[in-house]
Amino acid sequence: MNFKLSCNLQSAKGCVLFLFLVFLSAGVFSQGPMAGATASIVPVPARMKLKPGVFTIDPQTRLVVNGDNPEARRIATFFAAQLQMAGGPDLALAVKASTDQKLPSVVFSLIEENTGSPSGSYELKVEPHQIQIHAHGGAGLFYGVQSLLQLFPPEICKQAPAGSVKSWTIPCTEIKDHPRFPYRGMHLDVSRHFFPVEFVKRYIDLLAMYKMNTFHWHLTDDNGWRIEIKKYPKLTQVAAWRVDHENLPWNQRSAQQPGEPATYGGFYTRDEIREVVKYAADRYVMIIPEIEMPAHSVEVLAAYPQFSCTGGPFTVPPGSYWPNRDILCAGNDSVFTFLEDVLSEVMELFPSPYIHIGGDEADKTNWKKCPKCQERIKSEGLKDEKELQSYFIKRIEKFIVSKGKKMIGWDEILEGGLAPEATVMSWRGVEGGIAAARQGHDAIMTPGSHCYFDYYQADPQFEPKAIGGLTTLKKVYGFEPVPNELSTEEARHILGAQGNVWTEFIPTPSHAEYMALPRMIALAEVVWSPAKLRNWDHFRQRMSNQFKRLDYMGVNYSKGSFRAEVTTGFDKKTNALLVTIGSEQLNVPIHYTTNGDDVTIASPLYTSPFEIKKNGIIRAGLFVDGKLKEKTVEMPLLFHLAIGKPLNYLTQYSYRYPASGRGALNDGLRGSANHRDGLWQGYLGNDLEIIIDLGKEIPINSVQMNFIQNQHNWIFLPVFVEYSLSSDGKKYHSFNEVPNTISTKEEQVFIQPFNFQFMANTKARFVKVHAKNLGKCPSWHEGSGEDCWMFMDEIVVF
Ligand code: ACM
Ligand code: ZN
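Residues numbered from 1 in each chain as written. Chains lettered and ligands numbered in written order. Predicted model: local features only at pLDDT ≥ 70, side-chain atom pairs only at ≥ 80, totals over all residues. Heavy atoms only, no water.

So, on to the sheet that holds strand 2 (residues 62-65). Read from one edge of the open sheet, seven strands run 1-7-5-6-4-2-3, paired in mixed fashion. Looking at the sheet topology across the chains shown, the edges are occupied by strand 1 (47-57) and strand 3 (95-97). Looking at each pair of strands side by side, their axes are set apart by 25 degrees on average, direction ignored. As paired strands, strand 5 (residues 122-126) and strand 6 (residues 130-135) are joined by four bridges and run antiparallel to one another. Each bridged residue has a counterpart across the sheet, and for Lys125 the counterpart in strand 6 is Gln132. (Pairing = 2+ DSSP bridges. Helix = DSSP H or I, 4+ residues; strand = E, 2+ residues; numbered from the N terminus. Axes fitted to C-alpha atoms, helices over the stretch in contact; angles between N-to-C directions.)

As structure tokens, then:
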């Protein structure tokens, strides 16, 4: 194996030692020629030992069910089906009862005794003449099969046989495995875009393959109701359909006009729901249905306007507008009758012990004006609309609990007082989960920062439009669901974590796969594997094998982690920019150029950071099997006087857009037209004030700064930028302000320089920059009165 590329900062020897330690810590002991290929199980098992020798599966192999347990037989049949689908007729092996003792065999043992081990635990032993999978519950046996399949070559994931395979060889292994968390979830929003049953099943297949056990089905939202309810036929006749404005950007779609037909949408019939529930249960995936209330429910009001505060009329919106003030009325008892009727039918269809009731983002404007809502506040002795929301949710919880089920809601259900037995899904950071756990409530972690898979996963310049953010594979892998703040006792309430796929910007199944994968696989390891085994290098090494599997399955996973990333540092000794090129991949060759030329396999191979002392353009790309895997990265480099010099921040940038942090404004890197490319630093509502210390008094010619305007994302140019110079850091000489001359209403996204040229022979040691933030969004703007953003990428001093 060639570790050289990934370990360019260390000696090769140190690197080998490091990886050896990684393997040791994962309980993996490599022996024999198969060793390298066998360490690729994801999520990494709690304990795994590779042994000498191999097991060969061929037409003589017997699949044997111990005791002929029907559940074990079903799981063995699942394994047989995969083997035959990928291997062809020679590997069509019959499943037999345990009376058939002949070797070689794969033995499936399900011994349903309570051992106290977590649900999903299993043991898998591969010996030269026998494979044994042993578990105390069906889930464990199923996960044993998943691990066994991952010991096969990636061709086992083929969806149709390529010729007939005569045999497959797998390494002898001993695995004892169990999950870290009981809740290992993925969510899918089928309201913003509707996805057919076939895709939902495929999504469940992918969850199951990586030992995820919960599918959170976001069935209702403003843009479409997706589940047949017998008692309220208009939910599927009206609320499931909207006008087709799919050709327009999501945030710029006008509402349905009179006479305009609502043709875009769909819903799942009761039979389809039952079919999917059974499909998931066969793969040990629990489905939690979500019925949104009291907000994210305007589609309900389009069908039944009497459940609103205002009476309507309403239409199903084809996109988003914000804030959405039309929510269910909390003062009208018929709303609760409606919701209880709906939930009763939902509970009849879904065996899950949990029902998700949404509860997020309820704008209370209409409740403040509604006589019925105000009367409810009075009659119930509530303090305000927040307590009215709490009343709403508690009333629904009481109903759900009376039916023997448990309620989950987004973390807004904490506001105004948590319902007595509620489980909180923490999405606005992990704080909601912490608060819930401290109150003795269960919580599921799904913070936007790490678990929103509708965010970009690589440089937005090259990615399909996403909702925002930047959540790379590595960032997901680094997520820790149990915050340090919690005591051991409180931490027991963290049931696990979940990845969310909201689909405003995801119109097709293939795009949903792209956003979910590979990030879901990183999250699967976070929630399954022991925390002490989490190791990024070990993970990405195993991922190279997983990508091959996904290729055979035809999964449209994102190749974002195959994109080269350029970062810079500063070498104080040589006064040069130190350029590092990396990626999320391990051991994939990177070729690059520094003069703007196209990158080919003949371009220099990147081996270690190199110095640059002049302006240039770095291009770089990853080559797999000699071919460029993804578009090359192109990064202009500016070599100027402020590079690497100490910056004194007098004001603070937002934690939401830090770029690379305190060195971002003098790293030689300029941002692209996309403010989410990780190179722009954002200030929310406040000014930027920074002093650069050039080390000694030197001649200065100009200071140049670029700002970006993107008014649809609430980002405006500064009102002015003021540059001041000083020799001693005490007395500053201020020059004329560079004013903004461009309208805030400019529709286009553009980058605007705010440059200042000093007179000849100007000298200074300290350069002070003050960029005046517009502060609040203008009155004509959709964010009127709210803090607005100011974004800059580099303070260039020549
Ligand atoms: C959410 O993202 N509104 C839960
Ligand atoms: Zn009302």
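Attention shifts here to the confidence of the model for the protein. Overall, the prediction assigns the protein a mean pLDDT of 92, with 95% of residues at 70 or greater. Segment residues 1-38: pLDDT under 50, and 56 contacts once partners within four positions in sequence are set aside and those in other chains are kept. (pLDDT = per-residue confidence, 0-100. Contact = heavy atoms within 4.5 Å.)

Our focus in this paragraph is the coordination of the zinc ion (ligand 2). At this site the zinc ion (ligand 2) is bound by Cys309 (SG), Cys329 (SG), Cys370 (SG) and Cys373 (SG), with donor distances of 2.3 Å. Taken together, the four donor atoms coordinating the zinc ion (ligand 2) span angles of 106 to 113 degrees at the metal, a pattern that classifies the geometry as tetrahedral. Here the donor residues of the zinc ion (ligand 2) are spaced in sequence according to C-x19-C-x40-C-x2-C. In this pair, Cys309 is assigned in the loop between helix 8 (298-303) and helix 9 (333-349) and Cys373 in helix 11 (residues 371-379), connecting sequence segments 64 residues apart. Grouping residues by exposure puts Cys309 and Cys373 together as buried. (Donors = N, O, S within 2.8 Å, 3.2 Å for Na, K, Ca; no water. Tetrahedral: all angles 85-135°; square planar, octahedral: opposite > 155°, others 65-115°. Buried < 20%, exposed > 50% of the residue type's maximum accessible area, 1.4 Å probe, protein only.)

Further remarks concern the nonpolar core. A general feature of soluble globular proteins is that nonpolar side chains tend to end up buried together. Counting residues in each nonpolar core, the largest one holds 188 residues, and the members touching the most others are Leu148, Trp217 and Phe392. For Phe392, the contacting residues outside a window of four places in its chain are Met293, Pro294, Leu328, Cys329, Ala330, Val335, Phe336, Leu339 and Trp367. Judged by nonpolar contacts, the second largest core, of 33 residues, contains Ile698, Met705, Leu717 and Val767. (Core = buried A, V, L, I, M, F, W, Y, C linked by side-chain atoms within 4.5 Å.)

Locating Asn545 in the fold gives a position in helix 19 (residues 536-553). By relative accessible area, which is 13% here, Asn545 ends up buried. Between the C-alpha atoms of Asn545 and Ser40, which are 505 residues apart in sequence, the distance is 6.4 Å.

Scanning the model with the defined rule gives 35 salt bridges in all. Linking Asp282 and Lys278 is a salt bridge whose minimum nitrogen-to-oxygen distance equals 2.8 Å. Within this pair, Asp282 and its partner Lys278 are both found in helix 7 (residues 270-282), separated by four residues, close to a single helical turn. For the salt bridge of Glu525 with Arg542, the shortest nitrogen-to-oxygen distance reads 2.7 Å. (Salt bridge = Lys/Arg side-chain N within 4 Å of Asp/Glu carboxyl O.)

To continue, consider helix 9. With 17 residues, helix 9 extends 25 Å from end C-alpha to end C-alpha; this agrees with the ideal 24 Å at 1.5 Å per step. Looking only at helix 9, the buried set comprises Val335, Phe336, Phe338, Leu339, Asp341, Val342, Leu343, Glu345, Val346, Met347 and Leu349. (Expected span 1.5 Å × (residues − 1).)

So, about the sheet that holds strand 21 (residues 576-582). The three strands are arranged 20-21-23 in an open sheet whose pairing can be described as antiparallel. The outermost strands of the open sheet, each flanked by one partner alone, are strand 20 (565-571) and strand 23 (610-612). Sheet twist, expressed as the average angle between the axes of neighbouring strands with direction ignored, equals 40 degrees.

Further remarks concern the packing of aromatic side chains. Enumeration over the complete set of coordinates arrives at 43 aromatic pairs. Note on Phe194 and Tyr268: the rings are 4.8 Å apart at their centroids and 40 degrees apart in plane angle, and the pair reads as tilted. Within this pair, whereas Phe194 is found in the loop between strand 8 (183-189) and helix 5 (197-209), its partner Tyr268 is found in the loop between strand 13 (262-265) and helix 7, the two being separated by 74 residues in sequence. The exposure class assigned to Tyr268 is buried, which follows from its relative accessible area of 0%. The interplanar angle of 45 degrees and the centroid separation of 5.8 Å between the aromatic rings of Phe199 and Tyr203 together place this pair among those described as tilted. With a gap of four residues between them, Phe199 and Tyr203 both fall in helix 5, about one helical turn apart. On the basis of relative accessibility, which here comes to 5%, the residue Phe199 falls in the buried class. For Tyr203, a relative accessible area of 2% corresponds to the buried category. Here the guanidinium or amino end of Lys559 rests over the ring plane of Tyr557, the centre of that ring lying 4.3 Å away. (Phe/Tyr/Trp six-rings, centres within 6.5 Å; stacked < 30°, edge-to-face > 60°. Lys NZ or Arg CZ within 6 Å of the ring centre and 35° of its normal.)

Another aspect to go through is the side chain of Asp693. With respect to the element layout, Asp693 can be found in strand 29 (residues 688-699). Among the polar contacts listed, one links the side chain of Asp693 to the backbone nitrogen of Gly695, at a separation of 2.8 Å. Not counting chain neighbours up to four residues away, the residues in contact with Asp693 comprise Lys645, Pro646, Arg765 and Phe766. (Polar contact = N/O pair within 3.5 Å; in protein donor to acceptor, adjacent residues only side chain to side chain.)

Attention now goes to unusual backbone geometry. With an omega dihedral of -5 degrees, the bond running from Val42 to Pro43 counts as a cis peptide bond. For the bond from Leu103 to Pro104, the omega torsion is -5 degrees, close enough to zero to count as cis. By the secondary structure assignment, Pro104 is in the loop between strand 3 and strand 4 (105-110). Phi is positive for Ala659, close to 50 degrees, though the residue is something other than glycine. You can see Ala659 is positioned in the loop between strand 27 (647-649) and strand 28 (681-684).

With respect to the helices, strands and loops of the structure, Lys364 is situated in the loop between strand 15 (354-358) and helix 10 (365-369). Of the side chains bearing the opposite charge, Glu415 lies closest to the buried Lys364, which forms no salt bridge; the N-O distance is 4.4 Å. In this view, Lys364 contacts Glu385, Gln389 and Glu415; residues no more than four positions away in its chain are not counted. (Lys, Arg positive; Asp, Glu negative; His and termini not counted.)

In terms of burial, strand 15 is a largely internal element, five of the five residues being buried. Along strand 15, one buried face is formed by Tyr354, His356 and Gly358 and the opposite face, lined by Ile355 and Ile357, is buried too. The pairing of strand 14 (residues 286-293) with strand 15 spans two bridges and is classified as parallel. Looking at the pairing, Met293 lines up with Gly358 of strand 15. Judged from the three bridges that link them, strand 15 and strand 16 (residues 406-410) form a sheet pairing that is parallel. Among the inter-strand pairings, Ile355 is bridged to a residue of strand 16, identified as Met407.

A separate point is the packing of helix 7 against helix 9. Between helix 7 and helix 9, whose axes approach to 10 Å, the crossing angle comes to 45 degrees. Classed by the angle they form, the pair helix 7 and helix 9 counts as oblique. Taken together, the residues of helix 9 that come into contact with helix 7 (itself represented by Arg270, Ile273, Arg274 and Val277) are Glu345, Glu348 and Leu349. Across the contact of helix 7 with helix 9, the residue classes break down as three nonpolar, no polar and four charged. (Parallel < 35°, antiparallel > 145°, perpendicular 65-115°, else oblique. Nonpolar A, V, L, I, M, F, W, Y, C, P; charged D, E, K, R; others polar.)

For Ser449, the location among the structural elements is in helix 14 (residues 448-451). For Ser449, a relative accessible area of 32% translates into the label partly exposed. As a C-alpha pair, Ser449 and Thr744 span 295 residues in sequence and 29 Å in three-dimensional space. Those residues in contact with Ser449 that lie beyond four places of it in its chain are Thr471 and Lys475. Polar side-chain contacts of Ser449 include one of 2.8 Å to the side chain of His450.

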